[in-house]
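# Per-entry structural report
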Amino acid sequence: MRNLALIGFMGTGKSSVGRLVAEALHFTFLDTDEVITTRAGKSVGEIFAQEGEAAFREREKLLVEELAKRDKTVIATGGGLPVNPENFASLKKHALIVCLWASPEKIWERVRHQSHRPLLQDPDPQAKIKSLLEARKPVYQKADILMNTEVRSCREVAQQVLHQFHSARPRQ
Ligand code: S3P
């Protein structure tokens, strides 16, 4: 287990927690959405609008294949990335997979004032969160560790993730 991958729904804190964990471990931090948008030269919203969701998922898949070569990296994944079983299986080979979890109500509270997520540009975003989360639950639950972020700050969640990582992979 060379790396640590954070999966989970939008708004569960993967990027914020990932940055803190990477800093504490002296690992490189990588955010899949960030790499994809930098390479594409456009935002996730623009990719969805101009190329379609399938093209975005293809970009995710290609990136996941590259990640297998990485070492000492904390990977924050886009919320839908592990839904593709090939992506999940690939991450599993080299990373401890930690899922950050929160209820649909909490997620809504966290994302309601943000507008950069195309999947939430919906007439009823709350219902969309509920149904997407329900559909993805079986995937998220396959993580090595499932962590509730509901009543914890990013800093506290990061501490817990570090603890789990050290338990799974004694300090080297
Ligand atoms: C998505 C989550 C987003 C981003 C894209 C699709 C999803 O990432 O990859 O908008 O399918 O849940 P975050 O989970 O970082 O918001």
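The following paragraphs examine the structure supplied in this document. Nothing here was measured: the structure is a model prediction, and the numbers come from that model.

Thresholds applied
Residues numbered from 1 in each chain as written. Predicted model: local features only at pLDDT ≥ 70, side-chain atom pairs only at ≥ 80, totals over all residues. Heavy atoms only, no water. Helix = DSSP H or I, 4+ residues; strand = E, 2+ residues; numbered from the N terminus. Rg over C-alpha atoms; globule rule 2.2 N^0.38 Å. Buried < 20%, exposed > 50% of the residue type's maximum accessible area, 1.4 Å probe, protein only. Contact = heavy atoms within 4.5 Å. Areas by Shrake-Rupley, 256 points an atom, 1.4 Å probe, with all protein chains shown as cover. Near = heavy atom within 4 Å. Polar contact = N/O pair within 3.5 Å; in protein donor to acceptor, adjacent residues only side chain to side chain. Nonpolar A, V, L, I, M, F, W, Y, C, P; charged D, E, K, R; others polar. Disulfide = S-S within 2.5 Å. Axes fitted to C-alpha atoms, helices over the stretch in contact; angles between N-to-C directions. Parallel < 35°, antiparallel > 145°, perpendicular 65-115°, else oblique.

## Re the overall build of the protein
Summing up its helical and strand segments, the protein has 8 helices and 5 strands in all. The secondary structure elements of the protein, listed N-terminal to C-terminal, are β-α-β-α-α-α-β-α-β-α-α-β-α. Over its C-alpha trace the protein gives a radius of gyration of 15 Å, about what one expects of a compact globule, namely 16 Å for 172 residues. Across its three principal directions, the C-alpha atoms of the protein cover 50 × 35 × 25 Å. Across the 172 residues that make up the protein, the buried fraction comes to 48%. Expressed as a percentage of contacts within the protein between residues at least 6 apart in sequence, the contacts between residues at least 24 apart total 75%. For the protein, the computed accessible surface area is about 8800 Å², with 49% contributed by carbon and sulfur atoms.

## Things to note about the site of the ligand
Surrounding the ligand, one finds 13 residues, the nearest of these being Lys 14, Asp 33, Arg 57, Arg 117 and Arg 136. Within the side chain of Arg 57, a nitrogen or oxygen atom sits 2.7 Å from an oxygen atom of the ligand. Along the lines of polarity and charge, the residues of the shell around the ligand split into 5 nonpolar, 3 polar and 5 charged.

## Some points on unusual backbone geometry
Backbone geometry at His 26 places phi at a positive 60°, although glycine is not the residue there. Inspection of the secondary structure assignment puts His 26 in the loop between helix H1 (14-25) and strand S2 (28-31). Phi is positive for Lys 72, which is not a glycine, with a value near 45°. Looking at Lys 72, the relative accessible area reads 44%, which means it is partly exposed.

## Side note on the environment of Leu 162
Note on placement: Leu 162 falls in helix H8 (residues 154-168). We classify Leu 162 as buried; its relative accessible area is 10%. The spacing of Leu 162 and Leu 20 is 142 residues in sequence and 9.5 Å in space, taken between C-alpha atoms. Filtering out sequence-adjacent residues up to four positions away, Leu 162 remains in contact with Val 21, Ala 24 and Leu 25.

## Considerations on the state of the cysteines
With the rule as written, the count across this model stands at 0 disulfides. Considering cysteine sulfurs only, Cys 154 is the nearest to Cys 99, which forms no disulfide, with 15 Å between them. For Cys 99, a relative accessible area of 0% puts it in the buried group. Since its relative accessible area comes to 35%, Cys 154 is described here as partly exposed.

## Here's the deal with the packing of helix H3 (residues 44-51) against helix H4 (residues 53-67)
For the pair H3 and H4, interaxial distance at closest approach is 6 Å and the crossing angle is 125°. With respect to H4, the axis of H3 lies oblique. From H3, Val 44, Ile 47, Phe 48 and Glu 51 reach across to H4, where they touch Glu 53, Ala 55, Phe 56, Arg 57 and Arg 59. Its residues placed into classes, the contact of H3 with H4 shows 5 nonpolar, no polar and 4 charged.

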